[in-house]
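Now for the letters of each chain:
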Amino acid sequence: METISKFHRKLIILLMIMNVLVLLGQLWPEGAPPFARIINIVFLILNLLLYFSLLSKNK
């Protein structure tokens, strides 16, 4: 089994934290921070980058 690089491990941890923020903003919109829209956009972009990186690594 292939090990995850340190970069991917840190990126996955960052994405998990951002995922929690996005989920909390959806479940409790009144409690969402003012920067929630930016977090959503950055989260989606980082997800795409991670997926492209993992796909290109498998080829």
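Preceding this paragraph is the structure being described.
Described below are features of the structure shown in this document. The shown structure was predicted, so the numbers you read here are calculated from the model rather than taken from an experiment.

1. Brief notes about the nonpolar core
Phase 1 of the analysis: Membership of the largest hydrophobic core is limited to eight residues, which are L11, L15, M18, V22, I39, F43, L46 and L50.
Phase 2 of the analysis: Counting residues per element, the ones that place at least two in this core are helix 1 (6–27) and helix 2 (36–58).
Phase 3 of the analysis: In this structure L50 touches H8, L11, I12 and L15, once residues within four positions along its chain are discounted.

2. Focus: a nonpolar patch on the surface
Phase 1 of the analysis: A contiguous nonpolar surface patch, about 540 Å² in accessible area, is contributed by I13, I17, L21, F35, I38 and V42.
Phase 2 of the analysis: Breaking the nonpolar patch down by element, the ones donating at least two residues are helix 1 and helix 2.
Phase 3 of the analysis: It is helix 1 that contributes the most residues to the nonpolar patch, three residues altogether.
Phase 4 of the analysis: When you line up the elements, I38 lands in helix 2.
Phase 5 of the analysis: Accessibility expressed as a relative area gives 57% for I38, which makes it exposed.

Thresholds, definitions, all that
Per chain, residues are indexed from 1 in the order of the written sequence. Totals for whole chains, interfaces and linings use all residues, but because this is a predicted model, local features are given only for residues with pLDDT of at least 70 and pairs of side-chain atoms are given and counted only at 80 or more. Where side-chain values are given, they derive from all heavy atoms of the structure, hydrogens and water being excluded. Among buried residues, the Ala, Val, Leu, Ile, Met, Phe, Trp, Tyr and Cys ones that are joined through side-chain atoms within 4.5 Å form a nonpolar core. Between buried and exposed lies partly exposed: a residue is buried under 20% and exposed over 50% of the maximum accessible area for its type, with that area taken using a 1.4 Å probe on protein chains only. By definition, any uninterrupted DSSP run of H or I lasting at least four residues is a helix, any uninterrupted run of E lasting at least two residues is a strand, and each is numbered from the N terminus. Contacts between residues were defined by any pair of non-hydrogen atoms, one from each residue, lying within 4.5 Å. Patch membership is restricted to residues that have no salt bridge and whose relative accessible area is over 30%. Joining uses 9 Å for like charges and 5 Å for the nonpolar side chains Val, Leu, Ile, Met, Phe, Trp and Tyr. Values of accessible area rely on a 1.4 Å probe in the Shrake-Rupley scheme; residue burial ignores everything except the protein chains shown. Only one rule defines a salt bridge in this text: a Lys or Arg side-chain nitrogen within 4 Å of an Asp or Glu carboxyl oxygen.

By themselves these figures say nothing about function.
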